[in-house]
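# Structure at a glance
Chain residues, written in single-letter form:
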Amino acid sequence: MRFKKLPAFLGTLALSLTLAIGLTVPNTVRAQDEPAPEQAEANIAQGESGSEIPQNTYTQEETVAAAQKFFGGTTSGLAKAIEKAFSELGRPVGYIIGNEGSGAFVVGLRYGEGELVYKGGGSTKVYWQGPSVGWDIGGNASKVFTLVYDLRWTKDLYQRFPGVDGSLYIVAGVGLNYQRANGITLAPIRTGVGLRAGASIGYLAYTREKRINPF
């Protein structure tokens, strides 16, 4: 009688061990379509202000190719402007492509809108506006390709960026200058139709939404 009960006892013991192992061993099996935690995190849109921007950077060759595609061709001035920015600032973590309009008669205004594109993937809409004061006369409609440096969080872009005095660089119809605030540097590269003569001191405020008030 004792041996007849042995198989039942062993079956109960095996079931108990199976349940115990299932409770103590981490579940490493996921549904086929369920992404791994690290992949799910990577799938979060990096354009959201709450997501840190991966500090991957663009090479000079990648930047020139992106600028050529945006402007619809290549010029010696464009290549030289990018080369100057790389020699002085290094490799950017992203860039802003967009269009802007500006006008001035001593006091000027500038409005623009575009898209911030990250090297690590993702993008977000951005607007900018601001005044300038100086010896400026004329108007300008431009395409703008802005290199972005040391930006870790998208929300940090939404602030005023004063122009860096003495940074204006013009070569073969292409203009480059630097804007800097709180350790973040922007390097707008502009081409366009119109005339904007002189030097000005001002700032651009980058925002999530379009604003009429440039101040």
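That block above? That's the structure.
Residues numbered from 1 in each chain as written. Predicted model: local features only at pLDDT ≥ 70, side-chain atom pairs only at ≥ 80, totals over all residues. Heavy atoms only, no water.

On a plain count of helices and strands, the protein chain comes out with 4 helices and 8 strands. Residues counted as buried form 37% of the 215 residues belonging to the protein chain. Restricting to contacts in the protein chain with at least 6 residues of sequence separation, those with at least 24 account for 71%. Accessible area of the protein chain: about 12,700 Å², with a carbon and sulfur share of 59%. (Helix = DSSP H or I, 4+ residues; strand = E, 2+ residues; numbered from the N terminus. Buried < 20%, exposed > 50% of the residue type's maximum accessible area, 1.4 Å probe, protein only. Contact = heavy atoms within 4.5 Å. Areas by Shrake-Rupley, 256 points an atom, 1.4 Å probe, with all protein chains shown as cover.)

Moving on to the packing of aromatic side chains. This model, assessed by the stated rule, comprises 7 aromatic pairs. Ring geometry for Phe-71 and Phe-145: centres 6.5 Å apart, planes at 50 degrees, overall tilted. A residue pair is termed long-range when its members are at least 10 positions apart, and Phe-71 in helix 3 (residues 60–71) and Phe-145 in strand 2 (residues 123–149) qualify at 74 residues. Assessed through its relative accessible area of 0%, Phe-145 is described here as buried. Note on Phe-161 and Tyr-206: the rings are 5.5 Å apart at their centroids and 90 degrees apart in plane angle, and the pair reads as edge-to-face. Taken together, the residues span a long stretch of sequence, with Phe-161 in strand 3 (residues 160–162) and Tyr-206 in strand 8 (residues 200–207) at a distance of 45 residues. For Phe-161, a relative accessible area of 0% corresponds to the buried category. Its relative accessible area of 2% is what places Tyr-206 among the buried residues. These aromatic residues form a ring-pair network of at least three members: Tyr-58, Phe-70, Phe-71, Tyr-95 and Phe-145. Its end group placed over the ring of Tyr-169, Lys-84 keeps NZ or CZ at 4.9 Å from the ring centre. Above the ring of Phe-70, the side-chain terminus of Lys-143 is found at 4.6 Å from the ring centroid. (Phe/Tyr/Trp six-rings, centres within 6.5 Å; stacked < 30°, edge-to-face > 60°. Lys NZ or Arg CZ within 6 Å of the ring centre and 35° of its normal.)

Let us now look at the nonpolar core. Nonpolar side chains in soluble globular proteins generally cluster together in the buried interior. The biggest cluster of nonpolar side chains holds 21 residues, and the ones touching the most others in it are Ile-82, Tyr-95, Phe-145, Leu-147, Leu-176 and Ile-189. Those elements that provide at least two residues to this core are helix 3, helix 4 (76–89), strand 1 (94–118), strand 2, strand 5 (174–176) and strand 7 (184–197). Not counting the four nearest positions on each side in its chain, Leu-176 is found in contact with Ala-81, Lys-84, Ala-85, Ser-167, Leu-168, Tyr-169, Ala-187, Pro-188 and Ile-189. In terms of nonpolar packing, the next biggest core, distinct from the first, is built from 16 residues, Val-93, Val-126, Tyr-158 and Leu-186 among them. (Core = buried A, V, L, I, M, F, W, Y, C linked by side-chain atoms within 4.5 Å.)

So, about the side chain of Gln-159. Examined against the element boundaries, Gln-159 turns out to sit in the loop between strand 2 and strand 3. Looking at Gln-159, its side chain comes within polar contact range of the main-chain oxygen of Asp-156, at 2.7 Å. Separated by 2.7 Å, the side chains of Gln-159 and Asn-182 make a polar contact. In this structure, Gln-159 is in contact with Ala-181, Asn-182, Ile-184, Leu-204, Ala-205 and Tyr-206, ignoring residues within four places of it in sequence. (Polar contact = N/O pair within 3.5 Å; in protein donor to acceptor, adjacent residues only side chain to side chain.)

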